[in-house]
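Structural characterization, general
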Amino acid sequence: MEKLYYSIGEVAEILGESTSLVRYWSNEFSSHFKLKRSAKGDRKYTAGDIETLKQIHHLVNVDGLTLEGVNKALKNSKRTVEKDVKVLESLKNIRQQLEDIKKSL
């Protein structure tokens, strides 16, 4: 069962990045998030927020875009980026499955 909200530490772990970078991206691209805060003021991320962060991660690290470029890309072609991220995740899952099969032989 999927959680409703994730902590910044959990999100950083999912992305393989530091919490400070996740916080920075959250601030830099705040118009693309619907962040909630806990009673203590901690950020709470939804699954949709995580998908947006995955898109940002992909645009910065794979496509090599600047922050301005990422912002434009998120505004102009959100569907294309989502598709690329999903394809990349599918390929990673397939690779892991193939490695598991290889180990079991």
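Residues numbered from 1 in each chain as written. Predicted model: local features only at pLDDT ≥ 70, side-chain atom pairs only at ≥ 80, totals over all residues. Heavy atoms only, no water.

Topologically, V85 is positioned in helix α5 (residues 78-104). Since its relative accessible area comes to 5%, V85 is described here as buried. For the pair formed by V85 and I56, sequence separation is 29 residues and the distance between their alpha carbons is 9.8 Å. In contact with V85, not counting residues within four places along its chain, are K54, Q55 and H58. (Helix = DSSP H or I, 4+ residues; strand = E, 2+ residues; numbered from the N terminus. Buried < 20%, exposed > 50% of the residue type's maximum accessible area, 1.4 Å probe, protein only. Contact = heavy atoms within 4.5 Å.)

Using the criterion set out here, one finds 6 salt bridges in the structure. Here E68 makes a salt bridge to K72, at a shortest N to O gap of 3.4 Å. Here E68 and its partner K72 are both found in helix α4 (residues 67-76), 4 residues apart, which amounts to about one turn of the helix. For E68, a relative accessible area of 53% gives the class exposed. Given a relative accessible area of 49%, K72 falls into the partly exposed group. One continuous salt-bridge network, built from bridges that share partners, spans E51, K54 and E89. (Salt bridge = Lys/Arg side-chain N within 4 Å of Asp/Glu carboxyl O.)

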